Amino acid sequence: MAADPFSVRTETSSSSSPSILRSSKRAVGFRIRAHNNQHIDDKNRFYTQLGTFALKRKIEDLVLRAEMLAPIALEFEEARRLKQEEIIREYDLWDDVAKSNEDLVQLVESAKAIDSLKDLRYKAEESKLITELAGMDSINYEFLKQAYAACVNVNKTLDKYEMSKLLREPYDMEGACVTIESGNEGVYSEIWAEQLTRMYIKWAEKQGHEARIVEKQDSESGGIKYAMIELEFKSAYGYLSGERGIHCMSGSSENKSDLSKDGTAAIDVIPLFLESSPDLQIDEDDIEITTSPSLTIQHIPTGLQVRSTGERSPFANKLKALNRLKAKLLFVMREQGVSNLASIRSSAISSSWNQVARRYVFHPNKLVEDVKTGVQLTGLIAVLNGNIEPFIGAHINSRRHEIP
């Protein structure tokens, strides 16, 4: 019996239909994926080009600043080195050993500054070349990001160099002793004082140095009532002296006069003499020493008081406390413009609780406002993580008009 043509066509069609359908689906799926991949590639290319353009502009701005400042700074340092060499040649080093040592130290520091500035100039030129190659599509985006990071480091070094030229006041080149004392608002102030302590420790670490907590009084809340940090590196006092004052934490920016709403802490900063003891004689009859619960020394004429508990022996604590007292007295003498202890006006001694230094607002907008300089930053978390350079730089730059 002859096969029914229709039944044959139907059988053939029904048996091949799934295969054809799968092939069709695969083709359509391939075209969709190809289209999507092309769209993603175009999108990535667009953002890469946009990012490359933005990075190039940032690098160009940073390189321009480096090209302007580095040669001027280099010329200044080279002239300073030549002058120091001439001074050293003109007299016998053995005539005044102390002065000779000071001049030799300055000569070494100037030579280091020259080497550093030459290195900065080289890095700036290298970054400029990278941006030029990027304009010819000869370099990838990742390499450009490396160039940007290098440029940022160059400009940070220039910032520090500029600031160091403004650190000319007495004790600016010394280390720093920072005390953090919580306000009497209770748990919020105690937790806030602990946060500020971490902030200064993190700042020191970002500078490549260590900050040691040498005194600490914990609170039951998990915060602290009092802490003292020693920063034993050059210029720490010059950098941090502007931190002195009340630091206010607030959950709202609506009422700035309400200092008790959340928490406060007072920051005090005194010089930490690195190479020698403070040059100040104190009459023993003018001090009162107590040893319990901690070794405390009070300067009777002024009422100033210091303590030390972090050393291994009572004698070492006494010596440390005396040095802190001398540093405080020297700061007060400098502040009041007097040359001896007898001239200090105890009624005019300023306290770190006398003036608001900075406000940290957590809600509704995260904001940090430096009252002394007027600088405002929105990166609250970054500031608490130790990024306080904008405030330090603003404070140091505020001295510029005072320098002849």
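The name given to the protein chain in an unreviewed UniProt entry is Peptide chain release factor domain-containing protein, with the source organism recorded as Anisodus tanguticus.

Q: I'd like to hear about the overall build of the protein chain, residue by residue, with values.
A: On a plain count of helices and strands, the protein chain comes out with eight helices and eleven strands. Classification of the 404 residues of the protein chain by burial places 38% in the buried group. Looking at the protein chain alone, contacts between residues at least 24 apart form 65% of all its contacts between residues at least 6 apart. When the accessible area of the protein chain is evaluated, it comes to approximately 23,800 Å², of which 52% is carbon and sulfur surface.

Q: Explain the pairing of strand 10 (residues 367-370) to me, and be specific about the residues and the numbers.
A: Strand direction decides the pairing type here: strand 9 (residues 356-361) and strand 10, joined by four bridges, are antiparallel. Bridge pairing in strand 10 places Arg359 opposite Glu369. Hairpin geometry of strand 9 and strand 10 is characterised by an intervening segment of five residues between the two adjacent antiparallel strands. The sheet contact formed by strand 10 and strand 11 (residues 376-377) spans two bridges and is antiparallel. Its bridge partner lying in strand 11, Glu369 is registered against Gln376. Connecting strand 10 to the next strand, strand 11, in antiparallel fashion are five residues, including Gly374 with a positive phi near 85°.

Q: Which residues make up the nonpolar core, and what values do they have?
A: Counting residues in each nonpolar core, the largest one holds 63 residues, and the members touching the most others are Val178, Trp203, Leu231, Leu240, Tyr360 and Ile388. When residues in this core are grouped by element, the largest group, nine residues, is from helix 6 (residues 314-336). Non-local contacts of Leu240, meaning those with residues more than four positions away in its chain, are made with Val178, Tyr200, Trp203, Leu231, Val269, Ile388 and Ile392. In terms of nonpolar packing, the next biggest core, distinct from the first, is built from ten residues, Ala73, Leu120, Ala124 and Leu158 among them.

Q: Could you give an account of the sheet that holds strand 11, with specific residues and numbers?
A: Spatially, the eight strands line up as an open sheet ordered 2-3-1-5-4-9-10-11, and their pairing is mixed. Strand pairing shows two members of the sheet lacking a second neighbour, strand 2 (211-218) and strand 11, which therefore form its edges. Sheet analysis places strand 4 (residues 245-250) next to strand 5 (residues 263-272), joined by five bridges and oriented antiparallel. Opposite Gly245, over in strand 5, you have Ile267 as the bridge partner.

Q: Give me unusual backbone geometry: which residues, what numbers.
A: Cis geometry marks the peptide bond from His363 to Pro364; its omega dihedral reads 0°. Examined against the element boundaries, Pro364 turns out to sit in the loop between strand 9 and strand 10. Here Tyr171, not a glycine, exhibits a phi torsion of approximately 75°, which is positive. When you line up the elements, Tyr171 lands in the loop between helix 3 (141-166) and strand 1 (175-182). Positioned with a positive phi, Ser235 is a non-glycine residue whose angle comes to about 75°. Mapping Ser235 onto the fold places it in the loop between strand 3 (224-231) and helix 5 (236-240). The class of Ser235 is buried, set by a relative accessible area of 7%.

Q: Hey, could you go over helix 4 (residues 187-206) for me, with residue numbers and the actual values?
A: Working note: α-helix, 3.6 residues per turn, so residues spaced by three or four point in the same direction. Taking 1.5 Å as the rise per residue, helix 4 with 20 residues should run 28 Å; its terminal C-alpha atoms sit 29 Å apart, in good agreement. Residues Ser189, Glu190, Trp192, Ala193, Glu194, Leu196, Thr197, Met199, Tyr200, Ile201, Trp203 and Ala204 constitute the buried set of helix 4. Trailing helix 4 by a residue or two, Gly208 shows a phi angle of about 85°, which is positive.

Q: With reference to specific residues and values, describe a nonpolar patch on the surface.
A: On the surface, a nonpolar cluster with roughly 260 Å² of combined accessible area is contributed by Val187, Tyr188 and Ile191. Residue position: Tyr188 is located in helix 4.

Q: Tell me about the side chain of Thr302, and name the residues and values.
A: When you line up the elements, Thr302 lands in the loop between strand 7 (295-299) and strand 8 (305-308). Using a relative accessible area of 11% as the deciding quantity, one classes Thr302 as buried. In terms of polar contacts, Thr302 uses its side chain to reach the side chain of His299, at 2.7 Å. Within the structure, Thr302 has its side chain in polar contact with the backbone nitrogen of Leu304 (distance 3.3 Å).

Q: Describe the confidence of the model for the protein chain, and please don't skip the residues or the numbers.
A: Close reading of the predicted structure is inappropriate where its pLDDT is low. Averaged over every residue, the pLDDT of the protein chain is 79; the share at 70 or more is 77%. Mean pLDDT in the protein chain bottoms out at helix 1 (residues 5-90), which sits at 61, and peaks at strand 1, which reaches 96. Across residues 1-16 the pLDDT falls below 50, and counting only partners more than four positions away or on other chains, this stretch makes one contact in the model. Within the model, the stretch residues 43-47 combines pLDDT values under 50 with zero contacts to residues more than four positions away or in other chains.

Q: Could you give me a rundown of helix 6, with the residues and numbers involved?
A: Taking 1.5 Å per residue as the helical rise, helix 6 with its 23 residues ought to reach 33 Å, and the 33 Å between its terminal C-alpha atoms agrees with that figure. Positive backbone phi, at 70°, marks Gly337, one or two positions downstream of helix 6.

Q: Summarise the packing of aromatic side chains; cite the residues concerned and give the values.
A: Applying the stated rule across the entire model yields five aromatic pairs. Ring plane angle 40° and centroid distance 6.1 Å describe the contact between Trp203 and Phe233, whose orientation is recorded as tilted. In this pair, Trp203 is assigned in helix 4 and Phe233 in the loop between strand 3 and helix 5, connecting sequence segments 30 residues apart. Note on accessibility: Trp203 and Phe233 belong to one class, buried. Their ring planes at 70° and their centres at 6.4 Å tell us that Trp203 and Tyr239 sit as a pair that is edge-to-face. Of this pair, Trp203 sits in helix 4 while Tyr239 sits in helix 5, placing them 36 residues apart in sequence. Per residue, the accessibility class of Trp203 equals that of Tyr239, and both read buried. Cluster of aromatic residues (ring-pair linked, three or more members): Trp192, Tyr360 and Phe362. Across from the ring centre of Phe391, 4.2 Å away, lies the NZ or CZ of Arg358, which sits over that ring.

About the criteria used
Residues numbered from 1 in each chain as written. Predicted model: local features only at pLDDT ≥ 70, side-chain atom pairs only at ≥ 80, totals over all residues. Heavy atoms only, no water. Helix = DSSP H or I, 4+ residues; strand = E, 2+ residues; numbered from the N terminus. Buried < 20%, exposed > 50% of the residue type's maximum accessible area, 1.4 Å probe, protein only. Contact = heavy atoms within 4.5 Å. Areas by Shrake-Rupley, 256 points an atom, 1.4 Å probe, with all protein chains shown as cover. Pairing = 2+ DSSP bridges. Core = buried A, V, L, I, M, F, W, Y, C linked by side-chain atoms within 4.5 Å. Expected span 1.5 Å × (residues − 1). Patch = residues over 30% accessible without salt bridge, like charges linked within 9 Å, V, L, I, M, F, W, Y side chains within 5 Å. Salt bridge = Lys/Arg side-chain N within 4 Å of Asp/Glu carboxyl O. Polar contact = N/O pair within 3.5 Å; in protein donor to acceptor, adjacent residues only side chain to side chain. pLDDT = per-residue confidence, 0-100. Phe/Tyr/Trp six-rings, centres within 6.5 Å; stacked < 30°, edge-to-face > 60°. Lys NZ or Arg CZ within 6 Å of the ring centre and 35° of its normal.

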